[in-house]
Amino acid sequence: MSLRVSLVSRGEGFLSKMRLAHQVALITGGTSGIGEATALLFAREGAKVAITGRNETRGHAVTAAILEAGGAAIFLRTDVRRAAECERAVGETLDRFGRVDILFNNAGIFYPHDTLECSEQEWDEQIDINLKGAFLMSKSALPGMIARGRGVIINNSSGWGIVGGDKAVAYCASKGGVVLMTKAMAIDHGRQGVRVNCICPGDVETPMLPQDAKMRGLKWQDYLAGCANRPMGRVGTAEEIARAVLFLASDDSSFMTGAALVVDGGGTAD
């Protein structure tokens with residue numbers, strides 16, 4: 001019920017500005033947090049939405065909310081670390097909806113460890129999901145976009161893809177890689193009609209944030225107090241990030257490619 005309410009809140013339903021009318025969006029990591037908020041917003045704006053993730057219960061809950069509100073959505077259980085699964089996700093989206101106009105590479109994971117504490121397994125997992133996953137999904141979606149001469153890819157980086165962060169060596173490496181991969185892809189595919197940008201969120205109230213606090217051994221209120229030192233004095237919401245992703249996905253950003261859009265309440269300016 002809460003998902004349905006968030007989808008149709010403020011009386012918008014599917015009769016809002018419809019900036020993504022008749023478009024098809026594929027969102028990785030769409031079962032919670034920023035991915036879920038983006039899926040719901042894209043659906044409100046008229047898009048048919050395919051979401052991927054590994055939690056089937058959450059995935060079906062998100063798609064059910066969209067379907068109940070009159071939208072079109074499917075859930076595809078996908079491990080973005082595997083090329084064959086990325087190809088299958090794109091293929092099933094094409095089979096169901098005919099094309100992929102927008103790819104939001106959102107799937108991500110984080111472990112708070114410095115170089116000495118970070119295990120090889122944690123390093124590989126963060127690089128594979130955060131960076132390699134975006135590469136593999138893009139590799140699968142690009143041919144169709146290029147064939148149509150139009151497409152949008154949005155990669156989810158981080159403020160820590162722009163500046164460093166404490167106890168986040170693998171995460172920073174992966175997200176910094178996302179920023180430069182975005183720029184390289186924009187150069188390669190701009191003349192083929194594909195725009196490629198990335199979003200760089202700061203601290204956002206998603207399931208990942210309290211998990212970070214717990215792994216750092218901090219009480220939630222103490223963790224939030226640290227975030228309050230940022231210029232805007234608070235953490236962001238998943239919906240605020242989703243609105244920035246919508247901007248990059250829509251024609252409102254038609255002359256943008258290769259950009260790293262920072263949405264962090266001033267965190268990287270501090």
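Residues numbered from 1 in each chain as written. Predicted model: local features only at pLDDT ≥ 70, side-chain atom pairs only at ≥ 80, totals over all residues. Heavy atoms only, no water.

(A) Fine view of the overall build of the protein chain. Scanning the protein chain from N- to C-terminus turns up nine helices and seven strands. Relative to the 2.2 N^0.38 estimate, which gives 18 Å for 270 residues, the radius of gyration of the protein chain is 18 Å and therefore close to what a compact globule would have. With the C-alpha coordinates aligned to their principal axes, the bounding extent of the protein chain is approximately 45 × 40 × 35 Å. Residues counted as buried form 49% of the 270 residues belonging to the protein chain. Residue pairs in contact within the protein chain that sit at least 24 positions apart in sequence constitute 72% of those at least 6 positions apart. Summed over all atoms, the accessible surface of the protein chain reaches about 12300 Å², with 54% contributed by carbon and sulfur. If the 29 positive side-chain charges of the protein chain are averaged to one point and the 30 negative ones to another, these points end up 5 Å apart. (Helix = DSSP H or I, 4+ residues; strand = E, 2+ residues; numbered from the N terminus. Rg over C-alpha atoms; globule rule 2.2 N^0.38 Å. Buried < 20%, exposed > 50% of the residue type's maximum accessible area, 1.4 Å probe, protein only. Contact = heavy atoms within 4.5 Å. Areas by Shrake-Rupley, 256 points an atom, 1.4 Å probe, with all protein chains shown as cover. Lys, Arg positive; Asp, Glu negative; His and termini not counted. Charge placed at Lys NZ, Arg CZ, Asp CG, Glu CD.)

(B) Molecular detail of the confidence of the model for the protein chain. The predicted model of the protein chain averages 92 in pLDDT, with 94% of residues at 70 or higher. By mean pLDDT, the top-scoring element of the protein chain is strand 4 (residues 102-105) (99), and the lowest-scoring one is helix 1 (residues 2-8) (43). Across residues 4-16, where pLDDT falls below 50, the model places 25 contacts with residues more than four positions away in sequence or in other chains. (pLDDT = per-residue confidence, 0-100.)

(C) How the structure looks around the packing of helix 4 (residues 83-97) against helix 5 (residues 120-148). The interhelical angle for the contact between helix 4 and helix 5, taken along N-to-C directions, is 40 degrees, at an axis separation of 9 Å. The angle between helix 4 and helix 5 places the two elements in the oblique class. Handedness of the helix 4/helix 5 crossing: right-handed. Between helix 4 and helix 5, the residues in contact are A83, C86, E87, A89 and V90 and L136, M137, S140 and A141, respectively. (Axes fitted to C-alpha atoms, helices over the stretch in contact; angles between N-to-C directions. Parallel < 35°, antiparallel > 145°, perpendicular 65-115°, else oblique. Left-handed = near helix turned anticlockwise from the far one by under 90°.)

(D) Local environment of the environment of V152. Structurally, the position occupied by V152 is in strand 5 (residues 151-156). According to the relative accessible area criterion, V152 is buried, its value standing at 8%. Among residues more than four places away in sequence, those in contact with V152 are D101, I102, L103, M145, R195, L248 and A249.

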